[in-house]
Amino acid sequence: MTGLTVRKVAGALGAELGGVDLSRDLDDGTVAAIRAALNTHQVIFFRDQTLTPEQQLAFGRRFGPLNIHPYVTGMAAHPEVMEIIKEPSDKTNFGGGWHSDMSFLETPSIGSILYAVETPDFGGDTLFASQAAAYDALSEGLKRTLEGLNAVHSAGREYSAKGSSAQKRASMQVAEAEGLAGEFVHPVVKVHPETGRKALYVNPAFTMNFEGWTRRESKPLLDFLFEHSRQEAFTCRFAWRDGSVAFWDNRQVWHYALNDYPGQRRHMRRVTVDPA
Ligand code: SIN
């Protein structure tokens, strides 16, 4: 009995959880219930939380070790906490395109926990898309083809001078990775280690080509999958308020931070959970 409430927010994924204060030292039963809700709903949301960076770190560490982003400088005292800030004068936002986090690493993250410190008066929502639902909707023939494929992921294009991740933002330090980032191979169909559910694991930001295929050969099928996987039926949308938290599973969810709040400030803090 944890007192946790769960309310689905859309058909394919997403649930809002209530009855829990994430700033507290949570008991094992509550952590297990949150993990179970994440496994089932793929992205979970919490409202009206007040988290210091230390409390967000403590909450994140209940789910695994935390990642230090190789290209985005974290908080000076807490390098695992990435501050995602768009100032009123900034034109581009961070995360403004469909992607999952950190697939460009040899061991990609399992989840990200984003806390809203300051939200704009309008706009700034985040979209999420279930890559498990996207996989389920494919034909049996294409599923069979994809099961045998691996894909090459790299940060090099996105974290380049032209990529949207490294574009200048007044309050974020983002390094260029072009020519420095490695290439890592991951299966195109990822089996969730806890639920056994299959999900598509290609990433519009970081997937370069299928292993053993040229980029030119890969492009038509990747373009099809990128288009297929963002269909409205696979999505949900989260409207942030100060103190909201979203926790998504990077193994089965894409997200997209909307850039529709010109002239306003948006300040978020993210921790990213690695496999144990
Ligand atoms: C991200 O891509 O992690 C940022 C998402 C957001 O700011 O809504």
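The structure this text deals with has already been given above.
Structural notes, computed from the coordinates. Quick caveat, the model's predicted, so the values are computed rather than measured. (Residues numbered from 1 in each chain as written. Predicted model: local features only at pLDDT ≥ 70, side-chain atom pairs only at ≥ 80, totals over all residues. Heavy atoms only, no water.)

A few words now on helix α5 (residues 215-228). Compared with the 20 Å implied by 1.5 Å per residue over 14 residues, the 19 Å span of α5 between its first and last C-alpha is a close match. The largest bend in α5 is about 30°, located at Leu-221. Taken as a whole, α5 has its buried residues at Ser-218, Leu-221, Leu-222, Leu-225, Phe-226 and His-228. Check the buried side of α5 and you find it contacts α3 (131-136), α4 (140-147), β10 (198-200), β11 (207-210) and β14 (253-257). (Helix = DSSP H or I, 4+ residues; strand = E, 2+ residues; numbered from the N terminus. Expected span 1.5 Å × (residues − 1). Bend = angle between axes of the 7 residues up to and from the residue. Buried < 20%, exposed > 50% of the residue type's maximum accessible area, 1.4 Å probe, protein only. Contact = heavy atoms within 4.5 Å.)

So, about α4. Among the residues of α4, those classed as buried are Leu-142, Lys-143 and Leu-146. Across the axial projection of α4, the buried residues extend over an arc of 105°, all falling on one side. In α4, those exposed residues whose orientation departs by more than 90 degrees from the buried face are Glu-140 and Arg-144. Of the surrounding elements, those touching the buried residues of α4 are α3, β9 (189-191), β10 and α5. (Arc of directions from axis to C-beta.)

Attention now moves to the site of the ligand. In the vicinity of the ligand, the residues found are Ile-84, Gly-95, His-99, Asp-101, Leu-114, Thr-126, Trp-248, His-255, Ala-257, Arg-266 and Arg-270. Measuring from an oxygen atom of the ligand, one finds a side-chain N or O atom of Thr-126 at 2.6 Å. Within the side chain of Arg-270, one N or O atom sits 2.8 Å away from an oxygen atom of the ligand. Protein burial of the ligand: of its 270 Å² of free accessible surface, 100% is covered by the chains. (Near = heavy atom within 4 Å. Polar contact = N/O pair within 3.5 Å; in protein donor to acceptor, adjacent residues only side chain to side chain. Areas by Shrake-Rupley, 256 points an atom, 1.4 Å probe, with all protein chains shown as cover.)

Our focus in this paragraph is the environment of Gly-243. Here Gly-243 shows up in the loop between β12 (235-238) and β13 (245-249). Residues Gly-243 and Glu-194 lie 49 residues apart in sequence; the distance between their C-alpha atoms is 29 Å. Other than its neighbours up to four places away in sequence, Gly-243 contacts Phe-46, Arg-47, Asp-48, Gln-49, Tyr-115 and Ala-116.

Moving on: the sheet that holds β12. The strand order β12-β6-β14 describes an open sheet built from 3 strands, whose pairing is antiparallel. The two strands at the open ends of the sheet, each matched to only one other strand, are β12 and β14. Taking the axes of each pair of neighbouring strands and ignoring which way they run, one obtains an average angle of 20° across the sheet. Alignment of strand β6 (residues 126-130) against β12, held across 4 bridges, turns out to be antiparallel. Along β12, the bridge assignment pairs Phe-128 with Cys-236. (Pairing = 2+ DSSP bridges. Axes fitted to C-alpha atoms, helices over the stretch in contact; angles between N-to-C directions.)

Let us look at the packing of aromatic side chains. When we look at a pair of aromatic rings, we describe it by the centre distance and by the angle of the planes. A complete count under the given rule lists 17 aromatic pairs for this structure. Seen in terms of ring centroids, Phe-104 and Tyr-159 are 5.9 Å apart; in terms of plane orientation they differ by 70°. Their pairing is edge-to-face. On the criterion of sequence distance, the pair formed by Phe-104 in the loop between β4 (82-86) and β5 (111-118) and Tyr-159 in the loop between β7 (150-154) and β8 (183-187) is long-range, its members being 55 residues apart. The class of Tyr-159 is buried, set by a relative accessible area of 2%. Note that Lys-86 overlies the ring of Tyr-261, its terminal NZ or CZ placed 4.5 Å from the centroid. The lysine or arginine in question, Lys-190, covers the ring of Tyr-201, its NZ or CZ lying 4.1 Å from the ring centre. (Phe/Tyr/Trp six-rings, centres within 6.5 Å; stacked < 30°, edge-to-face > 60°. Lys NZ or Arg CZ within 6 Å of the ring centre and 35° of its normal.)

Another point: the environment of Val-117. With respect to the element layout, Val-117 can be found in strand β5. In this structure the C-alpha to C-alpha distance between Val-117 and Gly-74, which are 43 residues apart in sequence, comes to 15 Å. Setting aside residues up to four positions removed in sequence, Val-117 forms contacts with Asp-242, His-267, Met-268 and Arg-269.

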